[in-house]
Amino acid sequence: MPDAPFPAAAPPLPYARHWVDDDDVAAVCGVLRGDFLTSGPVIPRLEAALAERFGVGHVVACASGTAALHLAALAFGLGPGDSAVVPAMTFLATANAVRLTGAEVRFADVDPETGLMRPQDLASALAREDGPPAKALFPVHLNGQSCDMAELAAIARKHGLKAAEDGCHALGGWQGEADGGLAPVGACRSSDAACFSLPPAKAIAAGEGGAVATDDPELAERLARLRNHGMTRDPTRFEQSELACSEATKTANPWYYEMPEVGPNYRLSDIHAALALSQLSKLGRFLKRRRALADAYESALAPLAPLVRPIGRVAGGRHAWHLYAVHVDFAAAGIDRAALMARLAARGIGSQVHYIPVHRQPYYRRRYGEIALPGAEAYYAGCLSLPLFPKMADGDVARVAEALAEALGAKP
Ligand SMILES: *Cc1c(COP(=O)(O)O)cnc(C)c1O
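Owing to the predicted nature of the structure, the values given are computational and were not obtained by experimental measurement.

Participant: Lay out the overall build of the protein with the relevant residues and their values.
Facilitator: Helix and strand content of the protein: 15 helices and 12 strands. What you see for the protein is a C-alpha radius of gyration of 23 Å, in line with the 22 Å of a compact globule of 412 residues. With respect to the principal axes defined by its C-alpha atoms, the protein has extents near 85 × 55 × 40 Å. Within the protein, the fraction of its 412 residues that count as buried is 53%.

Written as structure tokens, this is what we have:
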């Protein structure tokens, strides 16, 4: 909001904002002064740090969350003649990652309270007789809450599906397991892979960046290969020995590389990785702050119920609080969402809508026609994301609640 209509005492609050300190800047400058700007030593350090945090065997860093999802879809072998299940309540990228392989998207409904794909939503999407057979699913941990991965995985196993979690909202979050325990999102205990995103509005910033976690070494190798044009320099994988090897030395030629399948350039630069690695050391602190702010919202917004209600909470996980979203009963409040957002903006409060159900996009509508997904529609009808980022001041939550009350004409 560059042009607030009146100069507020406090600066405008965006709905999300990164937090970059001098030590983050120094980490980036260190790379700029070094020998490698890309594919250097920071990438494996970032990958190892993420793998340790997730408790997973392998992490492949890449250019963005979208790239991470697309790499997972490619590594699953998705292509024309396949389909994959994607919940309608997500960012475009989850569905597009599937579609960009040539596979079709099988949109699933979500819980109207939490926006998460439930086991019954997955089952109904699989039971629909339109489109080619399903080969994979991409559950989305919306707002930072994990889907019930154990239950979704049970269905996936029954149908022989691969599963890649879209964890772009859930870095630092935890999910319930079948035995009642907890695992970090990214541990991949109930999936083949989990994808993350590192732009400024997410949990930690790399500028742009992403990562895929997996416990499957073959899948990790394929992801790493696909990230770099589909090429390999690993002599044990070479197929063409006459081109690969020198007659004289009987070893692989030093310049030789081979491309067994086609892939894009989705590499992450060391510049971005250095920022991400530096930020990763602060993730715990950021999450603690997000949790405290979310708790403050819970009480500050309580007087506005039932016009404003927090998004439904799932049992058995630990929220990563990427977004603080609420349901607003716009009909009862007698105001539409655009007018409410404008009133909030006039009071210096940024807000956003996450998301327009993806099956309603013209591209997908033309491709698949009208699909009835009432849970996603209901979630979309009322959702609004309020400012939430670690650098918010303690008083900011009260400021948002007050502005919301005024804007709704419901002074608490
Ligand atoms: C941000 C996001 C993505 C895409 O990540 P980028 O890094 O922006 O490409 C995918 N899925 C969800 C749910 C996201 O929020």
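Moving on, there is more to tell.
Participant: Tell me what's going on with the domain arrangement of the protein, and back it up with residues and numbers.
Facilitator: By the assigned domains, the protein splits into domain 1 (22-280) and domain 2 (283-408). Buried surface at the junction of domain 1 and domain 2, both sides included, amounts to about 3400 Å², of which 58% is carbon and sulfur. Counting the contacts that link domain 1 with domain 2 gives 2 salt bridges. Between Glu 113 and Arg 309 there is a salt bridge, with its nearest N and O atoms 3.0 Å apart. Viewed at the interface, domain 2 and domain 1 are joined by 23 residue pairs in polar contact (both at pLDDT 80 or more). Of all elements in the fold, only helix H4 (92-99), strand S3 (104-108), strand S6 (174-176) and helix H9 (270-280) reach the threshold of two or more residues within the side of domain 1 that touches domain 2.

Participant: Lay out the site of the ligand in plain terms, naming residues and giving numbers.
Facilitator: Surveying the vicinity of the ligand reveals 16 residues, the closest of which are Gly 65, Thr 66, Asp 166, Ser 197 and Lys 202. Contact distances for the ligand include 2.8 Å between a nitrogen atom and a side-chain N or O atom of Asp 166. Between Ser 197 and the ligand, the recorded distance is 2.8 Å, taken from a side-chain N or O atom to an oxygen atom. The fraction of the free accessible surface of the ligand (380 Å²) that becomes covered by protein chains is 90%. Listed by contribution, the elements that provide at least two residues to the shell around the ligand are helix H3 (65-75) and H4. Examining the composition of the shell around the ligand, we find that 3 residues originate from one element, H3, more than from any other. For the shell around the ligand, a count of residues per class yields 6 nonpolar, 8 polar and 2 charged.

Participant: With reference to specific residues and values, describe the packing of helix H2 (residues 42-54) against H9.
Facilitator: The contact between H2 and H9 brings their axes to 8 Å, and the two run at 35 degrees. Considering the relative orientation of H2 and H9, their crossing is left-handed. Two secondary-structure elements touch here, H2 through Val 42, Ile 43, Arg 45, Leu 46, Ala 49, Leu 50 and Arg 53 and H9 through Asp 270, Ala 273, Ala 274, Ala 276, Leu 277 and Leu 280.

Participant: So what's going on with the sheet that holds strand S9 (residues 210-214)? Which residues, and what values?
Facilitator: Overall, mixed pairing links the 7 strands, which are arranged S1-S9-S8-S5-S4-S2-S3 in an open sheet. Two strands in the sheet have a free side with no partner beyond their single neighbour: strand S1 (58-62) and S3. Adjacent strand axes in the sheet meet at a mean angle of 25 degrees when their direction is disregarded. Examined bridge by bridge, strand S2 (residues 83-87) and strand S4 (residues 134-137) share 3 bridges and lie parallel to one another.

Participant: Could you give an account of unusual backbone geometry, with specific residues and numbers?
Facilitator: Looking along the chain, the bond that leaves Ala 305 and enters Pro 306 is cis, with omega of 0 degrees. For Pro 306, the location among the structural elements is in the loop between helix H10 (283-301) and strand S10 (308-310). A cis geometry characterises the amide bond from His 354 onward to Tyr 355, with omega recorded as 5 degrees. In this model, Ser 39 sits at a positive phi of 50 degrees, which is unusual for a non-glycine residue. When you line up the elements, Ser 39 lands in the loop between helix H1 (22-32) and H2. Among the residues examined, Ser 39 registers a relative accessible area of 44% and is labelled partly exposed.

Participant: How would you sum up the packing of H3 against H4? Please name residues and give values.
Facilitator: At a minimum axis distance of 8 Å, the contact between H3 and H4 shows a crossing angle of 35 degrees. Between H3 and H4 lies a crossing whose hand is right-handed. Contacts from Thr 66, Leu 69, His 70 and Ala 73 in H3 reach Ala 93, Thr 94, Ala 97 and Val 98 in H4. Partitioned by chemical class, the residues of the contact of H3 with H4 number 5 nonpolar, 3 polar and no charged.

Participant: With reference to specific residues and values, describe the environment of Glu 377.
Facilitator: Following the sequence through the fold, Glu 377 ends up in helix H14 (residues 374-382). A sequence separation of 246 residues divides Glu 377 from Gly 131, and the C-alpha atoms of the two residues are 22 Å apart. Contact partners of Glu 377, with chain neighbours within four places excluded, come to Pro 357, His 359 and Arg 360. Only 3.4 Å separates the side chain of Glu 377 from the side chain of His 359, close enough to count as a polar contact. Polar contacts involving the side chain of Glu 377 include one to the side chain of Arg 360, which spans 2.7 Å.

Participant: Which residues make up the pairing of S3, and what values do they have?
Facilitator: Burial of S3 is extensive: 5 of the 5 residues sit out of reach of the surface. Here S3 shows a buried face lined by Glu 104, Arg 106 and Ala 108 and a second buried face lined by Val 105 and Phe 107. Here S2 pairs with S3 via 5 bridges, running parallel. Within the sheet, the bridge partner assigned to Ser 83 lies in S3 and is Glu 104. With H4 bridging S2 and its parallel neighbour S3, the resulting β-α-β unit is right-handed.

Participant: So what's going on with the packing of aromatic side chains? Residues and values would help.
Facilitator: For the coordinates displayed, the defined rule picks out 11 aromatic pairs. A ring pair is formed by Phe 107 and Tyr 368, whose centres lie 6.3 Å apart and whose planes are at 75 degrees; its orientation type is edge-to-face. Pair noted here: Phe 107 is in strand S3 and Tyr 368 is in helix H13 (residues 362-368), with a separation of 261 residues, a long-range link. For Phe 107, a relative accessible area of 0% puts it in the buried group. The ring of Tyr 380 has Arg 337 sitting right over it, with the charged end atom 4.6 Å from the ring centre.

What counts and what doesn't
- Per-chain numbering applies: the sequence of each chain, read as written, is numbered from 1 onward.
- Since the coordinates come from a predicted model, pLDDT governs what is reported: local features require at least 70, and pairs of side-chain atoms require 80 or more to be given and counted, while whole-chain, interface and lining totals use all residues.
- Here the side-chain values reflect all heavy atoms present in the structure, with hydrogen atoms and water set aside.
- Secondary structure elements follow DSSP: runs of H or I no shorter than four residues count as helices, runs of E no shorter than two count as strands, and numbering proceeds from the N terminus.
- Throughout, the radius of gyration refers to the C-alpha atoms, and the reference size of a globule is 2.2 Å times the residue count to the power 0.38.
- Relative accessibility under 20% of the residue-type maximum defines a buried residue, over 50% an exposed one, and the middle range a partly exposed one, all with a 1.4 Å probe and only protein chains included.
- In this document the domain limits rely on a domain assignment from an automatic tool or a database.
- By convention, the term buried area covers the 1.4 Å-probe accessible surface removed from two parts as they join, with the contributions of both added.
- By salt bridge we mean one thing: a side-chain nitrogen of Lys or Arg within 4 Å of a carboxyl oxygen of Asp or Glu.
- Polar contacts, as used here, are pairs of N or O atoms within 3.5 Å; protein pairs need one atom able to donate a hydrogen and one able to accept it. Residues neighboring in sequence count only if both atoms are side-chain atoms.
- The nearness test applies per residue and asks whether one of its heavy atoms lies within 4 Å of the molecule or strand.
- Computed with the Shrake-Rupley method and a 1.4 Å probe, the accessible areas treat only the protein chains shown as cover for residues.
- Each residue gets one of three labels, nonpolar for Ala, Val, Leu, Ile, Met, Phe, Trp, Tyr, Cys and Pro, charged for Asp, Glu, Lys and Arg, and polar for the others, Gly among them.
- Note on method: axes are straight lines fitted to C-alpha atoms, helices fitted across the in-contact stretch only, with angles between N-to-C directions ranging 0 to 180 degrees.
- Each crossing is labelled by how the near helix is turned from the far one, with a counterclockwise turn of less than a right angle marking it left-handed and a clockwise turn marking it right-handed.
- For this analysis, residues touch if any pair of their heavy atoms sits within 4.5 Å.
- The pairing criterion is simple: DSSP has to find at least two bridges between the two strands.
- The path from the first strand over the helix to the second decides the hand: if it runs clockwise while the strands point away from the viewer, the crossover is right-handed.
- Stacked, tilted and edge-to-face are the three classes applied to pairs of Phe, Tyr and Trp rings, where Trp contributes its six-membered ring and a pair requires centres within 6.5 Å; stacked means planes under 30 degrees apart, edge-to-face means over 60, and tilted covers the rest.
- Whether a charge lies above a ring is judged from NZ of Lys or CZ of Arg, which has to be within 6 Å of the ring centre and within 35 degrees of the ring normal.

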